[in-house]
Every structure is written in C-alpha cells, then in structure tokens.
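So you can see what is in the structure, the chains are spelled out below.
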Amino acid sequence: AQAEGNEKRLFQGHYDGAVSEMGWRQLDQLAEYCRDFPLEAVYSSPLTRAVETAKAVNRYHGLPLQLRDELIEINGGDWEGKPWDCFPVDYPEQNRNWEQFPWLFEAPNGETMKQVYDRIVKAVLEIVRENLGKTVAIVSHGCAIRNFLTFAKGLPVEGISQVGWCDNTAISKITFDAELHPTLVFA
C-alpha cells in the first residue's frame, strides 16, 4: 500500500516508514478484492508497508504470515530516505542509470539491480518449491517486483526496461510448471 515515503517522494528501499492515510484505504479495498482468493499461504517482506499489505490480503483467510527477508526492497544505501528530486544533482550518474539504464543501477553503498534480481528470483522460486500445487500470495515492493516480473517474462536483468512499474497494491498472477518455469498470466 502507499507508504508515507511514496507520499513524500522519498526513496524508500529499506527505509521502514508507515502506511499513509491513502494506503489504509487501499488496504481495505485490497482485502475485499482478495476475500475469495483460494489462498493457502501468505509471504511478505518484513518491512511495515509490505506486512500491512500482506495482512490485508490475508484478512479473510487467517493464514500464518510468513516473513522472508529476501523479499525486501532494494537496499538504497546512501539514497535511503532522501527526496527523489535531489538525485539528479547529488548522484547524476546513478540517477541516469536508474531512469534510463536500470540494469546498470547500483545504489551508493547499497545493492546493484543485478543483486536484487538474483535475490528476488531465488526467494520466489524457493517459496514456489515449498508450495508446489498451492495458491500463494507473496507481498514485496516495486523494484523487487519489477525484477521478478522481468524474470517471469523470460528476460535477464538487462530486460528490466521492458517491464513497467506496478502501482501500490497491484496484483500479478504467475503460474509455475513442475520444473518451476513461470508463466505470467497478468501483471
């Protein structure tokens, strides 16, 4: 759901801000939307904004919420908690990569985009392996989700520009065959 960092236009990454007022309204709508999903497990990043989103997904299911550190957002290093409008001036090369060549992005003292891609792919595939044949909800963050959707489309991290950003509380559906090959149903 929308967090205060979205509202204030801050780079959130690992920054653990609260859900915004609009975010709480989004969560109520999300809970109703997910009410009849046949969920059998719910996983989440440990950051507050993701945990609250996962609780909304799970509101009518009552499943144990399973936190996984590997589902966390990109570590923004020196960008954490800073306003977006400072990056073109303070970090022009990294800002250009973020906007135009995201596969080359590396947060100063944080993660590279390739590290996020590898981490989120490994984490989701482990969850799938543990839940073969089940319907599972996995709640993460914009950059991490964009990386996984890139993988689900059969693209390496260099293809991330071909995948758009999802909105807060967006839902994507991905199915997996017995060999853990993904099929993106919708995003």
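Details of the structure are given in the entry above.
Below you will find a few notes about this structure. (Residues numbered from 1 in each chain as written. Predicted model: local features only at pLDDT ≥ 70, side-chain atom pairs only at ≥ 80, totals over all residues. Heavy atoms only, no water.)

## Considerations on the packing of aromatic side chains
This is how the line gets drawn: For Phe, Tyr and Trp, where Trp contributes only its six-membered ring, two rings pair if their centres lie within 6.5 Å, and the inter-plane angle classes them as stacked under 30 degrees, edge-to-face over 60, or tilted in between. Numbered from the N terminus, helices here are DSSP runs of H or I no shorter than four residues, and strands are runs of E no shorter than two. Three labels apply to residues, based on accessible area from a 1.4 Å probe with only protein chains included: buried if under 20% of the type maximum, exposed if over 50%, partly exposed otherwise in between. In this scheme, Lys NZ or Arg CZ marks a charge over a ring once it lies within 6 Å of the ring centre and within 35 degrees of the ring normal.
Overall, the coordinates contain 19 aromatic pairs when judged by the stated rule. With a centroid separation of 5.2 Å and an interplanar angle of 55 degrees, the aromatic rings of F11 and W84 are classed as tilted. Taken as a pair, F11 in the loop between α1 (4-7) and α2 (21-34) and W84 in the loop between β2 (65-67) and α4 (87-90) lie far apart in primary sequence, 73 residues in all. For F11, a relative accessible area of 2% gives the class buried. These aromatic residues form a ring-pair network of at least three members: F11, W79, W84, F87, Y91, W98, F105 and W165. Note that R35 overlies the ring of Y60, its terminal NZ or CZ placed 3.9 Å from the centroid.

## Quick notes on the sheet that holds strand β1 (residues 41-44)
Definition in use: Between any two strands, at least two bridges found by DSSP are needed for them to pair. Only C-alpha atoms enter the line fits that serve as axes; for helices the fit covers just the stretch in contact. Angles between N-to-C directions range over 0 to 180 degrees. By definition, residues are in contact when any of their heavy atoms lie within 4.5 Å.
In spatial order, the strands read β2-β1-β3; together these three strands make up an open sheet with parallel pairing. The open sheet has two edge strands with one neighbour each: β2 and β3 (136-139). In this sheet, neighbouring strand axes are inclined to one another by 25 degrees on average, regardless of whether the strands run parallel or antiparallel. Pairing between β1 and β2: three bridges, direction parallel. What sits directly across from Y43, in β2, is Q66. Packing against the sheet, helix α3 (residues 48-57) makes contact with β1, β2 and β3, and its axis sits at approximately 155 degrees to β3.

## Remarks on unusual backbone geometry
One non-glycine residue, R9, lies in the positive phi region at around 60 degrees. Mapped onto the secondary structure, R9 falls in the loop between α1 and α2. By relative accessible area, which is 51% here, R9 ends up exposed. Unusually for a residue other than glycine, N109 sits at a positive phi of about 65 degrees. For N109, a relative accessible area of 67% translates into the label exposed.

## Some details on the nonpolar core
We count it as follows: For the purposes of this section, nonpolar cores are sets of buried Ala, Val, Leu, Ile, Met, Phe, Trp, Tyr and Cys residues that join through side-chain atoms within 4.5 Å.
Of all hydrophobic cores here, the largest spans 29 residues; its most connected members are L71, I74, W79, W98, F105, M113 and I120. Among the elements of the structure, β1, α6 (113-130) and α7 (142-152) are those that each provide at least two residues to this core. Ranked by residue count, the leading element in this core is α6, at 10 residues. In contact with W79, not counting residues within four places along its chain, are F11, W84, F87, Y91, Q94, N95, W98, F105 and P108. Counting residues in each nonpolar core, the second largest holds 14 residues, with L27, L30, A54 and V139 among its members.

## A short note on the packing of α6 against α7
The axes of two packed helices give the description: the angle between them and the distance between them. Keep this limit in mind: For classification purposes, angles smaller than 35 degrees are called roughly parallel, those larger than 145 roughly antiparallel, those between 65 and 115 roughly perpendicular, and all remaining angles oblique. Just so you know the grouping, Ala, Val, Leu, Ile, Met, Phe, Trp, Tyr, Cys and Pro go in nonpolar, Asp, Glu, Lys and Arg go in charged, and all remaining residues, Gly too, go in polar.
Closest axis-to-axis distance for the α6/α7 pair is 9 Å, and the angle between their directions is 75 degrees. In this view, α6 runs roughly perpendicular relative to α7, as classed from their interaxial angle. Across the interface between the two elements, M113, V116, Y117, I120, V121, V124 and L125 of α6 pack against C143, A144, N147, F148, T150 and F151 of α7. Of the residues contributing to the contact of α6 with α7, the split by class is 11 nonpolar, two polar and no charged.

## Section: the pairing of strand β5 (residues 182-186)
Where strand β4 (residues 173-176) meets β5, four bridges bridge the pair, whose relative direction is antiparallel. Among the inter-strand pairings, K173 is bridged to a residue of β5, identified as F186. The hairpin formed by β4 and β5 contains five residues between the paired strands, and L180 there has a positive phi angle of roughly 70 degrees.

## Remarks on α2
Quick note on the threshold: The span one expects for a helix is its residue count, reduced by one, times 1.5 Å. Here, the arc refers to the directions that run from the helix axis to the C-beta atoms.
For α2, spanning 14 residues, the distance from its first C-alpha to its last is 20 Å, which sits close to the expected 20 Å at 1.5 Å a residue. Buried within α2 are the following residues: G23, Q26, L27, L30, A31 and C34. Taken end-on, α2 shows its buried residues confined to a sector of 140 degrees, consistent with a single buried face. Away from the buried face of α2 by more than 90 degrees, exposed residues E21 and Q29 are located. Of the surrounding secondary structure, the elements contacted by the buried residues of α2 are α3.

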